[in-house]
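Architecture and fold: a report
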Amino acid sequence: MSVFDERERAFEAKFAHDEAVRFRVHARRDKLLGLWAGERLGRSGPALHDYAMSLVLSELGRDGEAALRKKIKDDFAAAGVPLSERDVAEKINQFFVEAMRQIARSD
């Protein structure tokens, strides 16, 4: 195997690893966000966990973070709980940082 082939494989392996970490961070962020939002919506126990997982799944779809933001906004509006776009953005950023910390500790 040539040096070029070895470098190519190393770059591919790093890319695959980085994508896996990125996926885990986003999934963790969405779960943390879901737990926070679910508690504000009055959910607890299994209903809270199910709500958090529904947010994880909502981002996996085609629209990604836009679908996540819409789901939270719609759920809060339906429950009559005030929530601004700025609050959502701040929480997404806060939980992204926390998710990165948690994933870094677990690796």
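In the block above lies the structure referred to throughout.
Summarised in this report is the structure supplied together with it. (Residues numbered from 1 in each chain as written. Predicted model: local features only at pLDDT ≥ 70, side-chain atom pairs only at ≥ 80, totals over all residues. Heavy atoms only, no water.)

1. Observations concerning the nonpolar core
Rules: The definition of a nonpolar core used throughout is a set of buried Ala, Val, Leu, Ile, Met, Phe, Trp, Tyr and Cys residues joined through side-chain atoms within 4.5 Å. Partly exposed residues are those whose accessible area sits between 20% and 50% of the maximum for their type, while under 20% is buried and over 50% is exposed, using a 1.4 Å probe and protein chains only. Put simply, DSSP marks the helices as runs of H or I at least four residues long and the strands as runs of E at least two long, and each gets a number from the N terminus on. Residue contacts are defined here by distance: any two heavy atoms, one from each residue, within 4.5 Å place the two residues in contact.
Among the nonpolar cores identified, the biggest contains 17 residues, and L33, W36, Y51, L55, L68, I72 and F76 are the most heavily contacted of them. Counting only elements with at least two residues in this core, the list comes to helix 1 (3–40), helix 2 (45–60), helix 3 (65–79) and helix 4 (85–106). Sequence-distant contacts of L68, that is, excluding residues within four places in its chain, are made with R29, D30, L33, L55, S58, E59 and I92.

2. Points about helix 3
As a reminder of what qualifies: To estimate the expected span of a helix, subtract one from its residue number and multiply by 1.5 Å. What the arc covers is the set of directions going from the helix axis to the C-beta atoms.
Helix length check: helix 3 (15 residues) gives 21 Å between terminal C-alpha atoms against 21 Å at 1.5 Å per residue, within 8%. What helix 3 keeps buried is the set L68, I72 and F76. Down the axis, helix 3 shows its buried residues gathered within 55° of arc, on one side only. In this structure, helix 3 carries K70, A77 and A78 as exposed residues pointing more than 90 degrees from its buried face. Taken together, the buried residues of helix 3 touch helix 1, helix 2 and helix 4. Backbone geometry just downstream of helix 3 places G80 in the positive-phi region, at approximately 70°.

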